[in-house]
Structures are given as C-alpha cells and as structure tokens.
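# Survey of secondary and tertiary structure
Here's the letter readout for the chains.
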Amino acid sequence: MIFPQKNPHRQSKDLSGKWDFRKDPQNRGLKKGWFKGFTKDRSITVPASWNEQYQDLGDYLGPAWYQKSFARPASTSGQKTFLRFGSVNYMASVWLNGIKLGTHEGAHLPFVFEITRHLKKENRLVARVEGFLKPDRVPPGNVPPGPLDSFNNNFNPPASFDFFPFCGIQRPV
C-alpha cells in the first residue's frame with residue numbers, strides 16, 4: 001500500500017500524538033459501548049507500543065482502547081476521505097463517531113477505511129486493539145514447544161519464538 005502523499009490535489013492529516021487510552025483486562029468495553037467513547041484511564045502516545053510506555057503495561061497483551069477527537073479538515077468537503085493506520089499489533093477494530101468501520105488482523109501492515117460518509121465537523125475515532133498470542137496468528141503463540149526448539153521456553157509470554165510481541169498502534173494514523 002502506497003504511503004499517502006501530499007500534493008496540490010491531496011492532503012493528509014497526521015493524528016500522531018496524545019490519545020486517550022484504557023486497558024480492558026475483563027473485556028467489558030464492547031458490552032459497555034466504549035466504541036461510542038469512553039472515559040480515559042490515561043493518555044498514551046501514538047505511534048508507539050503500549051508495552052514501552054507504562055510499567056504496568058510491560059507484559060500486557062489483552063484488549064485496550066484508544067480514542068482521539070479531531071476536526072474535519074475544511075478542504076475535505078466533497079472529496080473522498082480515507083483513514084489509514086500504518087500498523088497495529090495485532091487485532092484492531094475501528095469506529096468513527098460510534099460507527100464500526102471494520103477490523104484488521106495482522107501486525108506490521110497498513111490498512112485503510114473510507115470514512116467520507118461518516119465524517120462530521122467534529123469526530124471521535126476509537127480503536128480496540130489486542131495482541132493475544134494464538135496458534136493461528138503470526139507469529140504463533142501459546143503453542144507447546146516442539147522437540148527441535150533449541151532455546152529455553154521460559155519466556156513471558158509463552159511462545160516458541162524469542163522476542164516480545166509489542167502491542168498497540170505502532171505507526172502513524
């Protein structure tokens with residue numbers, strides 16, 4: 001996917017910076033309607049992994065919510081508008097003004113939603129992100145070690161690879 005380019009016919013707005021953040025270890029956010037907006041627990045910097053920003057999130061891989069308010073750029077009137085996430089690890093669900101735009105599975109790749117018909121003068125963007133390790137994800141996690149694994153499997157989280165799967169919105173939006 002080509003990175004957005006500014007030119008006389010196209011513009012872009014970077015939503016990097018401070019976002020509202022709330023972890024959801026009991027996975028209650030969907031039932032409570034946090035996709036319409038939520039009370040923040042703290043601020044967090046985007047882009048960056050949440051595991052590196054707060055000590056209590058160092059090993060956390062479960063659900064967490066991001067929220068950012070922004071105004072519609074004046075020059076978008078009458079033009080198609082897209083929301084592009086550069087990378088989210090691992091599973092992302094995204095809402096704009098309480099309307100679900102979609103989901104994306106898989107870290108390290110960009111994804112886009114057209115938001116033209118959902119864009120208002122003032123907007124609330126909400127994303128639910130989780131990075132649980134599962135056997136059917138890349139890299140796979142929570143898989144019993146194989147007999148050919150040559151390293152000690154005393155890692156947190158339990159995985160048959162030797163790096164940490166950092167979570168969060170890891171590239172610009």
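This write-up is about the structure you can find in this document. Computed from a predicted structure; not experimentally measured. (Residues numbered from 1 in each chain as written. Predicted model: local features only at pLDDT ≥ 70, side-chain atom pairs only at ≥ 80, totals over all residues. Heavy atoms only, no water.)

## Some words on the pattern of salt bridges
Think of it this way: side chains of opposite charge can pair up when their charged atoms draw near. Inclusion rule: Any carboxyl oxygen of Asp or Glu within 4 Å of a side-chain nitrogen of Lys or Arg constitutes a salt bridge here. By the criteria applied, helices consist of DSSP H or I runs no shorter than four residues and strands consist of E runs no shorter than two, each listed in order from the N terminus.
Under the definition given, this model contains two salt bridges. Here R42 ties to D56 by a salt bridge, and the two come within 2.9 Å at their closest N and O atoms. Here R42 is found in strand β2 (residues 42-46), whereas its partner D56 is found in the loop between β2 and β3 (64-71), with 14 residues between them in sequence. Through salt bridges with shared partners, a single network forms among D41, R42 and D56.

## Re unusual backbone geometry
So the rule is basically this: A simple rule labels every residue: compare its accessible area, found with a 1.4 Å probe on the protein chains alone, to the largest value its type can have, and call it buried under 20%, exposed over 50%, or partly exposed in between.
Cis peptide bonds are those with omega within 30 degrees of zero, and the linkage from V46 to P47 qualifies with 0 degrees. Here N89 and Y90 are connected by a cis peptide whose omega angle stands at 15 degrees. Residue position: Y90 is located in the loop between β5 (88-89) and β6 (91-96). Positioned with a positive phi, N27 is a non-glycine residue whose angle comes to about 55 degrees. Tracing the backbone through its elements, the reader meets N27 in the loop between β1 (17-23) and α1 (29-32). With relative accessibility at 40%, the residue N27 sits in the partly exposed group.

## Brief notes about the nonpolar core
Within soluble globular proteins, side chains that are nonpolar tend to cluster in buried spots. To keep things clear, this is the line we draw: To define a nonpolar core, start from buried Ala, Val, Leu, Ile, Met, Phe, Trp, Tyr and Cys residues and group those joined through side-chain atoms within 4.5 Å.
Among the nonpolar cores identified, the biggest contains 31 residues, and W50, Y66 and L125 are the most heavily contacted of them. If you look at the next biggest cluster of nonpolar residues, it comprises six residues, including W34, F35, W95 and V126.

## What to know about the side chain of E130
This is how the line gets drawn: In what follows, a contact means two residues having at least one pair of non-hydrogen atoms within 4.5 Å.
For E130, the position within the fold is in strand β9 (residues 122-130). Not counting residues up to four positions away in its chain, the partners in contact with E130 are L61, G62, P63, N89, Y90, M91 and R137.

## Digging into the sheet that holds strand β7 (residues 99-105)
Keep this limit in mind: Pairing between two strands is assigned when DSSP locates at least 2 bridges connecting them. Axis lines are fitted through C-alpha atoms, for helices just across the contact stretch, and the angle between N-to-C directions can take any value from 0 to 180 degrees.
The strand order across the open sheet formed by six strands is β2-β1-β3-β9-β6-β7, and the pairing between neighbours is antiparallel. Of all strands in the sheet, those bounded by a partner on one side alone are β2 and β7. Going from strand to strand, the sheet's axes swing by 30 degrees on average, the running direction of each strand aside. Alignment of β6 against β9, held across six bridges, turns out to be antiparallel. In the sheet register, V94 faces β9, and the bridge partner there is A127.

## Quick look at the packing of aromatic side chains
Using the following cut-off: A pair of aromatic rings is counted whenever rings of Phe, Tyr or Trp (Trp by its six-membered ring) have centres within 6.5 Å, and the orientation is called stacked for planes under 30 degrees apart, edge-to-face for over 60 and tilted otherwise.
Enumeration according to the criterion identifies 11 aromatic pairs in this entry. The interplanar angle of 55 degrees and the centroid separation of 5.8 Å between the aromatic rings of F21 and W50 together place this pair among those described as tilted. Here W50 lies in the loop between β2 and β3 and F21 lies in strand β1, a separation of 29 residues in the sequence. Grouping residues by exposure puts F21 and W50 together as buried. Judged by centre distance (5.7 Å) and plane angle (75 degrees), the ring pair of F111 and F113 falls under edge-to-face. Since its relative accessible area comes to 5%, F111 is described here as buried. Three or more aromatic residues link up through ring pairs in this structure, and these residues are W19, F21, W50, Y60 and Y66.

## Notes on the environment of R171
Considering the arrangement of structural elements, one finds R171 in the segment after β10 (168-169). Separated by 87 residues in sequence, R171 and R84 have C-alpha atoms that sit 9.8 Å apart.

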